[in-house]
Amino acid sequence: MVEFLRDVKKIFLAGNAEISCRQDLAKFVEKPCLAACEDLYDKNILTYWSSANQDSPTYSFILVRYEFLNMNNKQVADNLVKANIMHIDTVHESWNSNANQYGHGVCLGIKTAPDMRVADISQKLIELASHFTYQDIKYNIYTPKFLMEQFPFYRGEKTEYCFPSLKIASGITPDNENAFGASERKKYNALRFLSNGEMPTSQDMRKAADILAWIYNLSDGLIYKDKETLQRHNNYLNSQIISKGFIQNKK
């Protein structure tokens, strides 16, 4: 059965989306965008918004966090923006940027119409996503420098982008934001004052991981949100080892 954009109902769960695994994408992403979002997910690229539905049928798009791309994919994005194939997102920043601490986004989008086939829209978005390459995962990870920059009296330049925000990771929501003495606030403050504005030691990082109930990874000194994130990182490292071995064998 042929599906058209006019038949796709809107999914709107902004602010409530927590993607813990690939299968979660279908809960939050409308069908015309799903295959492209899955492709980006498989490449460890952070998406934060998508739209392709009967309520907004004239433009279908996926937004990607620029600061969570590696250098190669940042260059890809820069080139596509210069070629007017993609553009920098300025519409959704106030909704999803959390005071711009995640940096700006780039938009993969196409003009659409209600009578366009879902399969055709999906294919065009996949073609846009195909410009990006597989990279190491750069989100759901905290670095020592990021935790240092969260210290309330830190006066240096804040250069580290990490997702999610420390507040969100601590469990702080608009409902308990101002709750004095709340357990989430205590957790948040414990993390902010962890190293007194100095670069956290490995012991500090272990303590932070315990506070968050995340995973401290001894091999690189970083904190990973869960086993899924750490596995995706390790899969990338293994792929690089295999790739280098293949190249050497060819020589």
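Residues numbered from 1 in each chain as written. Predicted model: local features only at pLDDT ≥ 70, side-chain atom pairs only at ≥ 80, totals over all residues. Heavy atoms only, no water.

Trainee: Before we move on, could you go through the overall build of the chain and cite the residues and values that matter?
Mentor: Tallying secondary structure elements over the chain gives ten helices and seven strands in all. Taken over the C-alpha trace, the chain has a radius of gyration of 20 Å; the compact-globule value for 251 residues is 18 Å, and the two agree within 12%. The dimensions of the chain, computed from C-alpha atoms along their principal axes, are 60 × 55 × 35 Å. Here the contacts in the chain between residues at least 6 apart in sequence split such that 59% fall between residues at least 24 apart. For the chain, the centre of its 30 positive side-chain charges and the centre of its 29 negative side-chain charges are spaced 3 Å apart. (Helix = DSSP H or I, 4+ residues; strand = E, 2+ residues; numbered from the N terminus. Rg over C-alpha atoms; globule rule 2.2 N^0.38 Å. Contact = heavy atoms within 4.5 Å. Lys, Arg positive; Asp, Glu negative; His and termini not counted. Charge placed at Lys NZ, Arg CZ, Asp CG, Glu CD.)

Trainee: Tell me what's going on with the sheet that holds strand β3 (residues 87-89), and back it up with residues and numbers.
Mentor: Spatial ordering of the open sheet is given by β1-β2-β4-β3, a layout of four strands whose pairing is antiparallel. Of all strands in the sheet, those with a lone pairing partner are β1 (47-53) and β3, marking the two edges. On average, each strand axis in the sheet is tilted by 35° relative to the strand beside it, whichever way the strands run. Pairing analysis gives seven bridges linking strand β2 (residues 56-65) to strand β4 (residues 105-111), with the strands arranged antiparallel. The residue of β4 that forms the bridge with Tyr 59 is Lys 111. (Pairing = 2+ DSSP bridges. Axes fitted to C-alpha atoms, helices over the stretch in contact; angles between N-to-C directions.)

Trainee: Which residues make up the packing of aromatic side chains, and what values go with them?
Mentor: Scanning the entire structure with this criterion turns up ten aromatic pairs. Summarising the aromatic geometry, the rings of Phe 151 and Phe 153 are spaced 5.6 Å apart at their centres and angled 75° between planes, so their arrangement reads as edge-to-face. Taken together, a centroid distance of 5.7 Å and an interplanar angle of 80° make the contact between Phe 151 and Phe 193 edge-to-face. Remark: Phe 193 occurs in the loop between α8 (183-192) and α9 (202-212) and Phe 151 occurs in the loop between α6 (144-149) and α7 (166-170); sequence separation between them is 42 residues. Phe 193 gets classed as partly exposed once you look at its relative accessible area, which sits at 37%. Put simply, the rings of Tyr 102, Tyr 139 and Phe 163 pair up and form one aromatic cluster. (Phe/Tyr/Trp six-rings, centres within 6.5 Å; stacked < 30°, edge-to-face > 60°. Buried < 20%, exposed > 50% of the residue type's maximum accessible area, 1.4 Å probe, protein only.)

Trainee: Break down the side chain of Ser 122 for me, citing the residues and quoting the values.
Mentor: Inspection of the secondary structure puts Ser 122 in helix α5 (residues 118-129). Judged by relative accessible area, which is 12%, Ser 122 ranks as buried. Not counting residues within four places of it along the chain, the set of residues in contact with Ser 122 comprises Pro 32 and Ala 35.

Trainee: Outline the sheet that holds strand β7 (residues 222-224), supporting the account with residue identities and numerical values.
Mentor: With antiparallel pairing, three strands are arranged side by side in an open sheet as β5-β7-β6. The outermost strands of the open sheet, each flanked by one partner alone, are β5 (141-142) and β6 (215-217). Relative to β7, β5 is paired through two bridges, and the arrangement is antiparallel. The partner of Tyr 142 across the bridge, within β7, is Ile 223. Packing of α9 onto the sheet brings it into contact with β5, β6 and β7, and relative to β6 it is tilted by some 155°.

Trainee: Could you give an account of the packing of helix α2 (residues 31-42) against α5, with specific residues and numbers?
Mentor: Running from N to C, α2 and α5 point in directions that differ by 25°, and their axes come no closer than 7 Å. With respect to each other, α2 and α5 are oriented roughly parallel. For the element pair α2 and α5, the recorded crossing hand is right-handed. Contacts between α2 and α5 involve Lys 31, Pro 32, Cys 33, Ala 35, Ala 36, Asp 39 and Leu 40 from the former and Val 118, Ile 121, Ser 122, Leu 125, Ile 126 and Ala 129 from the latter. For the contact of α2 with α5, a count of residues per class yields ten nonpolar, one polar and two charged. (Parallel < 35°, antiparallel > 145°, perpendicular 65-115°, else oblique. Left-handed = near helix turned anticlockwise from the far one by under 90°. Nonpolar A, V, L, I, M, F, W, Y, C, P; charged D, E, K, R; others polar.)

Trainee: Could you give an account of the nonpolar core, naming the residues involved and the relevant values?
Mentor: Grouped together as the largest cluster of nonpolar side chains are 39 residues, with contacts concentrated most on Leu 125 and Phe 132. When residues of this core are traced back to their parent elements, those giving at least two are α2, β2, α3 (71-82), β4, α5 and β7. The element that contributes the greatest number of residues to this core is α2, accounting for six residues. Grouped together as the second largest cluster of nonpolar side chains are 17 residues, Cys 162, Ala 208, Trp 214 and Ile 223 included. (Core = buried A, V, L, I, M, F, W, Y, C linked by side-chain atoms within 4.5 Å.)

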